[in-house]
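# Summary of structural features
Chain by chain, the residues:
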Amino acid sequence: LKMSWFWFYLPLHLLMAACLCHSIKAPTTSSQQSFKTDLFNFYHSLMLADGKETTVHLLKDIPKRYYFVLEEGRALAPFTITVTPCDVPIEWSILVHKASASFLGKAARGDHDTEEVSKSQKAPSMVSTIFNYKGNSVETYMGMSSHSALYMLEFLSTERDTHITVYLTTDTTSGQLYPELPVDPRIDVIGIGHTTVTLTWKHSPSVLQHRENIQYCLLVNEKHNYKSLCAAETAIRSSGMKLPPTLALSLSPYLLEPQQVMILSNSELSIINKASSGEVRQICMGTKNTYTVLNLSPSTQYYFDVFIVNLLTNASAAYTGTFARTLEEPEPKVTELKDGKVIQVVLDGKKQKFYSLQYQARHKKIQFTFQLCRGQVRVHITKNGKTVALENISGLRYFLLKGKLLDTYLVQLRSTEQSNSSVKVQVSPHFHKPLFPLLPESLKIKSFSKLRTCNSVTIAWLGTQEESKYCVYKKRIEEDQVWMELRSADRCSGPESRHKSEKVLCKYFYDINLQRAVTTETIKGLDAGTLYLFDVYLFGPSGIPVRYHSKVVKTRKKC
C-alpha cells in the first residue's frame with residue numbers, strides 16, 4: 001500500500017469533469033444520486049499529505065474535508081491518523097469509499113470504457129463511516145486496508161473558529177513523528193511545600209533511543225490542565241500574552257515581550273508569562289524526569305503538564321496532567337520587644353517576607369527608634385490592629401506614639417530590595433534615656449575641592465548642641481571598588497569593625513548656636529592621585545555610634 005501521489009498534482013476540476021461527463025449517461029436513482037454526491041464531496045476536498053503534520057483552520061459550523069487514497073498492494077497494510085485539537089472540542093470522522101480509487105484513477109487517465117462507467121454508476125453507494133469522535137483530546141485512529149480505497153476526513157467546529165493539526169502516515173516502519181509516551185503516562189507529585197512542588201514521571205522510550213533530540217518541557221499555570229502543547233499555546237495567546245515559538249521548544253533565539261521573563265540556569269530554560277489571569281511558566285529541563293518547581297505562592301492550586309518534545313520536528317506528546325495545592329503559609333513568628341532593648345533584624349530580600357515584632361505598652365507615650373544598617377526597609381506599625389505608621393525608612397527614624405496602657409503594637413518589617421536589608425529597632429517610654437545621640441540636621445560629609453592637595457584633603461560635617469565625640473576614619477580604595485564600598489556599607493557598624501591603621505583622629509565639639517555647629521578637619525599624609533573613603537562616627541551618651549554617610553575624595557595628581 002502506498003499513497004497515490006499523482007492525485008495531488010491532478011487538477012480537481014478534471015476529476016469533476018470526468019465524473020459529471022459520465023454521470024449524465026445513466027438514469028438517476030436515489031442510490032446513484034448518493035453515489036455521485038459522495039464523489040462530489042471527495043472532489044471538493046483537499047489532499048492530505050502522508051508523513052507530514054498538517055495544520056487545519058476551521059470556521060465555525062463550516063465542515064472541512066481532506067482525503068487520501070490507498071492503492072492495492074500488500075495485504076493488511078496499516079495506516080494511522082492523529083488529530084490534535086488546539087482549542088475547543090471538535091467533531092471529526094473518517095469515511096471510506098471502497099474500490100473507488102481504481103475507477104477514479106482510470107477516469108483521470110482516460111483509459112476506462114463505457115461498460116465500466118455504467119457499472120460504477122449503477123452500483124449502490126459504498127461509502128461508510130469507520131470512525132467518528134467529538135472532544136478536545138488528542139485522538140489516534142489505527143486502521144488496516146486490504147484493498148484500494150478512497151478515504152475522507154471531515155472536521156467540524158460548532159463553538160468558534162479554531163485550528164487543529166492532522167498527521168497521516170502509511171509508513172509504520174521508520175518511526176513515528178510524535179515522541180512515544182511510556183505505558184504509564186501519569187505525572188506523580190512527590191513533594192509539596194509552601195512555595196514548591198516536586199514532580200516526577202516515567203521516562204519516554206524516545207528519550208532512551210534519541211536522547212540528543214528529545215527533551216521534557218513543563219507547563220505550570222493556575223487555570224487547568226492542557227491535553228496538548230498547541231492547546232496550551234492557544235490558551236496563553238488568547239489570554240493576551242504573546243508566546244515565543246514553541247519552546248522546543250526549539251531554544252532558537254527570539255525576542256521576549258515586556259510581560260515575559262526568561263531564566264536560563266543549569267541547562268534549564270524557563271519562560272514566565274505575566275498576565276492578569278496569573279502566571280504561566282514554561283520550563284524545559286532536558287531529559288531529567290524529576291523536577292522541583294520553585295517560587296510558587298502559598299495556599300494556591302497549580303496545574304502541571306509535561307510534554308515530551310522532538311527538537312528536530314517540534315512534534316510533541318502530552319503526559320497526563322496533574323495538579324497540586326501548595327501549603328498554607330505559616331503564621332510569621334512574632335518577637336517580643338522589651339523596653340530599652342535593641343535588636344538587629346536581617347531581612348531576606350529574595351523571599352520578601354515580613355519580620356514581625358510585638359510590644360505591649362506600659363506607658364501612654366512610647367517611642368520606636370529604627371536605625372537602617374543596610375539596604376532599604378519598609379516599616380508598618382499597627383496599634384490594636386489599626387495602622388499608625390507606614391513608610392520606607394533611611395538613616396535614623398523616630399516614631400513618637402500616644403495611646404493607652406496595655407495597648408498592643410505590632411511592627412512589621414520588610415526589605416524593599418532584592419538583596420538583604422538590615423535594621424536596628426528599639427522601643428522605650430518617651431522619657432527613657434535616649435539610645436542614640438542627638439543627630440545633626442544632615443549626616444553628609446562635605447569636601448572642599450579647592451583645598452585638595454597632592455597629599456591632603458579637607459572635610460567638614462555638622463554637629464549638634466550636645467557635646468559629643470566624633471571619630472574620623474580613612475580607607476584607600478580603587479576606582480572599581482567605589483560602588484561596592486558605598487553599596488555594602490553597614491551603617492550600624494562602629495569603629496570596632498575598622499582596622500586600627502584606618503583611624504585618623506577623635507575629637508569632641510558642640511555649639512549652642514546650630515548655625516555654627518560645624519567642624520572641619522584636614523587629613524594629611526595621603527598619596528597623590530589616590531582615592532580615599534572617609535567616615536565619621538558620632539558617639540552619644542549611651543556609647544552607640546551613628547555613622548555619617550561615607551565620602552569618597554581623590555587627591556590631586558599634580559601639585
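Keep in mind that what you see is a predicted model, and the values were worked out from it rather than measured. (Residues numbered from 1 in each chain as written. Predicted model: local features only at pLDDT ≥ 70, side-chain atom pairs only at ≥ 80, totals over all residues. Heavy atoms only, no water.)

Below, the discussion takes up the overall build of the chain. A tally of regular secondary structure across the chain gives 9 helices and 36 strands. By the burial criterion, 45% of the 559 residues in the chain qualify as buried. A total accessible area of about 29,200 Å² is found for the chain, and carbon and sulfur atoms account for 52% of it. (Helix = DSSP H or I, 4+ residues; strand = E, 2+ residues; numbered from the N terminus. Buried < 20%, exposed > 50% of the residue type's maximum accessible area, 1.4 Å probe, protein only. Areas by Shrake-Rupley, 256 points an atom, 1.4 Å probe, with all protein chains shown as cover.)

Within a sheet, neighbouring strands are paired by backbone hydrogen bonds and run either parallel or antiparallel to one another. The strand order across the open sheet built from 3 strands is E10-E11-E16, with neighbouring strands paired in antiparallel fashion. Looking along the sheet, the strands with just one partner apiece sit at the ends: strand E10 (187–192) and strand E16 (290–293). In this sheet, neighbouring strand axes are inclined to one another by 25° on average, regardless of whether the strands run parallel or antiparallel. Judged from the 4 bridges that link them, strand E11 (residues 197–201) and E16 form a sheet pairing that is antiparallel. If you follow Thr-198 over to E16, its bridge partner there is Thr-292. (Pairing = 2+ DSSP bridges. Axes fitted to C-alpha atoms, helices over the stretch in contact; angles between N-to-C directions.)

Our next topic: the environment of Gly-375. Take Gly-375: it is sitting in the loop between strand E23 (365–374) and strand E24 (377–383). Contact partners of Gly-375, with chain neighbours within four places excluded, come to Glu-417, Ser-421 and Arg-491. (Contact = heavy atoms within 4.5 Å.)

Locating Ser-542 in the fold gives a position in the loop between strand E34 (531–539) and strand E35 (545–547). Placed 107 residues apart in sequence, Ser-542 and Leu-435 show a C-alpha to C-alpha distance of 5.8 Å. Those residues within four positions of Ser-542 in sequence are excluded, and the remaining contacts are Pro-434, Leu-435 and Phe-436.

What follows deals with the nonpolar core. Counting residues in each nonpolar core, the largest one holds 24 residues, and the members touching the most others are Phe-368, Phe-370, Ile-381 and Leu-413. In terms of residue count, the dominant contributor to this core is E23 (4 residues). Among the nonpolar cores identified, the runner-up in size contains 23 residues, and Trp-92, Val-96, Tyr-133 and Ala-149 belong to it. (Core = buried A, V, L, I, M, F, W, Y, C linked by side-chain atoms within 4.5 Å.)

One pass over the full model with this rule turns up 14 salt bridges. Residue Lys-475 is joined to Glu-485 by a salt bridge in which the shortest nitrogen-to-oxygen separation is 3.0 Å. In this pair, Lys-475 is assigned in strand E31 (residues 468–477) and Glu-485 in helix H9 (residues 482–488), connecting sequence segments 10 residues apart. By relative accessible area, Lys-475 is classed as partly exposed at 27%. Close ionic contact of Arg-498 with Asp-535 constitutes a salt bridge, the shortest N to O distance being 2.8 Å. Highlighted residues: Arg-498 in the loop between H9 and strand E32 (503–509) and Asp-535 in strand E34, separated in sequence by 37 residues. Asp-535 matches Arg-498 in its accessibility class, with the two residues each being buried. Sharing partners across several salt bridges, the network here consists of Arg-498, Glu-502, Asp-535 and Arg-547. (Salt bridge = Lys/Arg side-chain N within 4 Å of Asp/Glu carboxyl O.)

Before going further, it helps to examine the sheet that holds strand E25 (residues 386–393). Taken together, the 5 strands give an open sheet; going across it, the order is E20-E22-E27-E24-E25, and neighbouring strands pair in mixed fashion. The sheet is open, and its two borders are formed by strand E20 (334–336) and E25, each paired with just one other strand. Adjacent strand axes in the sheet meet at a mean angle of 20°, parallel and antiparallel pairs treated alike. As paired strands, E24 and strand E27 (residues 408–415) are joined by 7 bridges and run antiparallel to one another. Residue His-380 lies in a different strand from E27, and its bridge partner there is Gln-412.

Here Asp-61, not a glycine, exhibits a phi torsion of approximately 65°, which is positive. Mapped onto the elements, Asp-61 comes out in the loop between strand E2 (52–58) and strand E3 (64–70). In the Ramachandran plot, Asn-295 falls in the positive-phi region, its phi being about 55° despite a non-glycine side chain. Secondary-structure assignment places Asn-295 in the loop between E16 and strand E17 (301–310).

Let us now look at the state of the cysteines. Counted by the stated rule, this structure contains 5 disulfides. At a sulfur-sulfur separation of 2.0 Å, the disulfide partner of Cys-217 is Cys-284. When the S-S torsion is 100°, as for the bridge of Cys-217 with Cys-284, the disulfide is right-handed. Pair noted here: Cys-217 is in strand E12 (residues 214–221) and Cys-284 is in strand E15 (residues 280–284), with a separation of 67 residues, a long-range link. Across the pair, exposure class does not vary: Cys-217 and Cys-284 are buried alike. Note on cysteine connectivity: Cys-454 is disulfide-linked to Cys-559, with sulfurs 1.8 Å apart. On the sign convention where negative is left-handed, the bridge of Cys-454 and Cys-559, at about 120° about the S-S bond, is right-handed. (Disulfide = S-S within 2.5 Å.)

With that out of the way, let us pick up the packing of aromatic side chains. Per the stated rule, a full pass over the model turns up 20 aromatic pairs. Residues Phe-79 and Tyr-141 carry aromatic rings whose centres are separated by 6.1 Å and whose planes lie at 50° to one another, so their mutual orientation is tilted. Highlighted residues: Phe-79 in strand E4 (residues 77–85) and Tyr-141 in strand E7 (residues 139–145), separated in sequence by 62 residues. Under the relative-accessibility criterion, Phe-79 is labelled buried at 1%. A residue is classified by how much of its surface remains accessible, and Tyr-141, at 17% relative accessible area, is buried. Measuring from centroid to centroid gives 5.8 Å for Phe-368 and Tyr-409, while their planes differ by 65°, and the two rings are edge-to-face. In this pair, Phe-368 is assigned in strand E23 and Tyr-409 in strand E27, connecting sequence segments 41 residues apart. Like Tyr-409, Phe-368 is buried. Members of the aromatic cluster, connected to one another through ring pairs, are Tyr-66, Phe-68, Phe-79, Trp-92, Phe-131, Tyr-141, Tyr-151 and Phe-155. Here Lys-507 stacks its cationic end above the ring of Phe-509, 6.0 Å away from the centre of that ring. (Phe/Tyr/Trp six-rings, centres within 6.5 Å; stacked < 30°, edge-to-face > 60°. Lys NZ or Arg CZ within 6 Å of the ring centre and 35° of its normal.)

Here the focus is the pairing of E24. The two faces of the sheet receive side chains in turn, since in a regular strand these alternate between them. Counting buried positions along E24 yields 5 of 7 residues, so the element is predominantly enclosed. In the sheet, E24 pairs with E25 via 7 bridges, with the strands oriented antiparallel. Opposite His-380, over in E25, you have Leu-390 as the bridge partner. The turn linking E24 back onto E25 is made up of 2 residues, and Asn-384 within it adopts a positive phi angle of 55°.

Such coordinate-based values are descriptive only and should not be taken to indicate function.
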